[in-house]
Amino acid sequence: MNEPLQIQHLEAAQAFTALHSNPQGLDPAEAAERLAELGPNSVEVRDPWRLTRSLLHQFTNFFTLLLFTAAAICFIAEHLQPGENMAILGWALAGVALLNATFSFIQEYRAEKAMAALRQFLPPQVEVVRAGRVITLVAEDLVPGDLLQLKEGDRVPADTRLVSANGLLVNNAPLTGEAQPVALGSAPCPGRLVESNNIAFAGCLVLRGTAQGLVFATGLRTEFGKLAHLSQAIRRAPSPLENQTAHMVRVLTIIAVSLGFSCFLYGVFSGRPLWLNLVFMMGIIVANVPEGLLPTFTLALAMGSLRMARKNVLVTSLTAVEGLGAVQVICTDKTGTLTLNQLAVSQIHTPFETTDSTDSCFRQQLLRLALGASDVHLTDQGLSGDPLDVAIAEELRSEGHDISADTQATEQHFPFDVEKKRAAGVVHFDGKPVFTVKGAWEVLRPLLSHILAPTGKLLSPTMTELDRAEAVMTKLAASGLRVVAVAYRNLVEVPPSTTPQEELEQGLILAGFLAIEDPLRAEVPAAIASCQTAGIEVILITGDHPDTAQSIAMHCGIVADPANKAQIMTGAVLEELSEAALADALSTGVRIFARTSPAQKMKIVMALKQLGQVVAMTGDGVNDAPALKAADIGIAMGRGGTDVARAAAQIILLDDNFASIVAGIEEGRTVFNNIRKFTNYVLVSNGPEILPYLLYVLFPVPLALTVIQILSIDLGTDIIPSMALGQEPPESDTMKLPPRDREFHLLSPGLVLHSYLFLGLIEALWSLSLFFYVLLAGGWHYGEELATNLPLYRSATGIALATILLMQIGNLLGRRYRLKSGLDRGIFRNHLLLAGILIQVLFSWGLLYLPPLQKVLGTAAVDLPVYLVAWLGIPLIFGADYLRKRLFLH
């Protein structure tokens, strides 16, 4: 166990010695000691206090602290001046703070549950040899030195050095990202561990064959575990919305505290009682802080996540709903993301024709020959075997041929050998025995005695003819396809089963070429075109060959010029670049990265973030997990992806459809636009809430709104309309505009000016004009003090509050669109919008004329004509805003 990374160099006997094991397996007592020393075979580092810390963290943001402070002031004021209902207000503010913290914690808890998927990826039970007996163990109990049994369908539970193998074929795609299966053996291998073909890696799937192997690394010490731990150790940066929200909270907090403290000092120096100054300071703070905004944020994101789920986009972190809409660059994996992660025969060529053959007889003949060198079984679930063999069988079946007889006609099979680079078989072909072989062109070329011409004539393999055949193969390989050469030899009789493969590989006839590919998903080109229309760059990052990567990138539209080699970079070149140099390369047009490692994927993501880009990373394998975690938005495949990738991501595509990303981006942009809409809507009412306090402090006039009345707006009538704006559909130009800049603020100067100094000022002036009209009509004189329990004062504050509620209807309609009026046909499709308007109308009437509401809010009735005049505020604010749109935004 001293040098586990060198175990691939050792003979099987030496591997047993190095791991202090033997062919009879470990003694149970020795295994128990190793388990106690090294720990379970688990890839998750569990932190039992993480959720507790998360819960405590929710109570440290500015809004929560400010609301708790305001609540404390209310309790102090109630103690100093009992009977003012300040304690009720204090409990209300504390309740809002608790609600905000609880909503945020619930989302953290959901993310924690998603991470639990890590524990379910490795197999629950495995077979090992201990003390000479084959026993079944829970995978977590495996230890280095265990002799593991592997068979078809198993998922490898730990990194294992094979000591015997029989036709073992594994799929390393979850670890390497490459779809091509790997044949494994037990012979020593020079070179690096990750490139060794005598190692079965944890997390990978056995496609065919059986093997015994020595476990040499478990848990976080496996290659799988290192990647999983890397993704867990990475701390994801705050999302764009989290940054925006934090900025908005800071700005509003500074405004609220500065105004409140200024009013407090002014009151102290003007000789007003201390408790009164505290109450008014708290009133200014409450008027400035939109208490219902953060819960509305959470609800809008939650509803957005539900809409995304209906589009097969599952969100594990609510901030990712909006974050997806902020994406400027998508770094996409190839295998399983742009492609189907399954092999398919895409073209069939004669030895001399560079175009795909359309001759049905030739196609069937070549496929049947290739199938003869394959090992495919028909089962109740379909075809099973090597993915390449299955692809050949599927293509033959699609040609209208019944493959049931062919799959049973094999007399002898020689499995694919990684050193020979070919597989072979003896089959009955139309009643006659035939030896068939398929493999790499360079290994079959020296074995040829003839080449089958398209006319059916057998040609001698002269240098000219061989070069013509090689030209066909080269053209196919240059287009990113995997080329399989197919050859055969007619036999007089079926040879004995002991006949070596080399003896049969004499006088072969080249029949043709199969071009194999991992097919591009049909919807991908249109999806990438939509991304580019929306100003979103798409970068391909893959472990595949550069030619394959460029071919895929060309077909799906990521790049357009095949001659531009400057847009491709290999992992070898990338390895030598600093992050700054990589950032320069990205800014000059590199859009394809080939032969990359997992660490390099993360390096690319970090370089893009250094350029100030909001980065999304898509992937499906364990090798993608670190980059998924490092990106602003990690997007994992739901069907074909690994649980580790899904646990590291914030977005999961339930249908593995790249096109769903576009739908998610549109929804994300819409969510952000809608958040701006209802933020704008909510902040407008801050103007008529703040101005009465400023007038009261500066002039000898009554206070037009009480704190309870302010809260009835912020926590009452504004909530449903805000939610309605969060439900608005995308505007027509949503996916035609470039992504917003990372530095773009939710609470921008323009939004603040529009909310406070334009619409807010209009609402404030109209509501105050009716407030003072009622006072003056009732006999009040400037400078005269009014008791808060007088009917005249209560009527005046009632009409001021009712006016604000009604004017918020006009504000609500205007916020629906950036450029349109808001009275478009779609208004009747948004039921929450209609409900919000109805609530505001009923509440504005009830607070004036319903005794229960009058008692709670401290209001009283006004003459009906005055209430009807308040309704004129709706066309006033709506018309002023629409005029602004027509004059300044068109």
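Now for a look at the structure at hand. (Residues numbered from 1 in each chain as written. Predicted model: local features only at pLDDT ≥ 70, side-chain atom pairs only at ≥ 80, totals over all residues. Heavy atoms only, no water.)

Note on placement: serine 821 falls in the loop between helix H30 (791-815) and helix H31 (831-849). Among the polar contacts listed, one links the side chain of serine 821 to the backbone nitrogen of leucine 823, at a separation of 3.1 Å. Not counting residues within four places of it along the chain, the set of residues in contact with serine 821 comprises Leu813, Gly814, Phe878, Tyr882 and Lys885. (Helix = DSSP H or I, 4+ residues; strand = E, 2+ residues; numbered from the N terminus. Polar contact = N/O pair within 3.5 Å; in protein donor to acceptor, adjacent residues only side chain to side chain. Contact = heavy atoms within 4.5 Å.)

This part covers the environment of proline 174. Its location among the elements puts proline 174 in helix H6 (residues 173-176). For proline 174, a relative accessible area of 13% gives the class buried. Between the alpha carbons of proline 174 and alanine 645 there is a distance of 9.2 Å; along the sequence they are 471 residues apart. (Buried < 20%, exposed > 50% of the residue type's maximum accessible area, 1.4 Å probe, protein only.)

On to the packing of helix H27 (residues 707-717) against H30. Across the interface, H27 lies against H30 with an axial gap of 11 Å and an inter-helix angle of 25°. Taken as axis vectors, H27 and H30 run roughly parallel relative to one another. As H27 packs across H30, the resulting crossing turns out to be right-handed. Residues Gln709, Ser712, Ile713 and Thr717 of H27 touch H30, and the partners they reach there are Thr797, Leu801, Ile804 and Leu805. Among the residues making up the contact of H27 with H30, the classes are represented as four nonpolar, four polar and no charged. (Axes fitted to C-alpha atoms, helices over the stretch in contact; angles between N-to-C directions. Parallel < 35°, antiparallel > 145°, perpendicular 65-115°, else oblique. Left-handed = near helix turned anticlockwise from the far one by under 90°. Nonpolar A, V, L, I, M, F, W, Y, C, P; charged D, E, K, R; others polar.)

The next point concerns unusual backbone geometry. In this structure, histidine 20 is a non-glycine residue whose phi angle is positive, near 55°. Looking at the secondary structure, you find histidine 20 in the loop between helix H1 (12-18) and helix H2 (28-38). When its relative accessible area of 57% is taken as the criterion, histidine 20 is described as exposed. Of note in this structure, aspartate 430 is not a glycine but carries a positive phi near 55°.

Below, the discussion takes up the sheet that holds strand S9 (residues 329-332). Strand order in the open sheet formed by eight strands is S8-S25-S24-S23-S9-S20-S22-S21, and the pairing between neighbours is mixed. The sheet is open, and its two borders are formed by strand S8 (313-315) and strand S21 (568-570), each paired with just one other strand. In this sheet, neighbouring strand axes are inclined to one another by 20° on average, regardless of whether the strands run parallel or antiparallel. The pairing of S9 with strand S20 (residues 537-541) spans four bridges and is classified as parallel. Each bridged residue has a counterpart across the sheet, and for valine 329 the counterpart in S20 is glutamate 537. (Pairing = 2+ DSSP bridges.)

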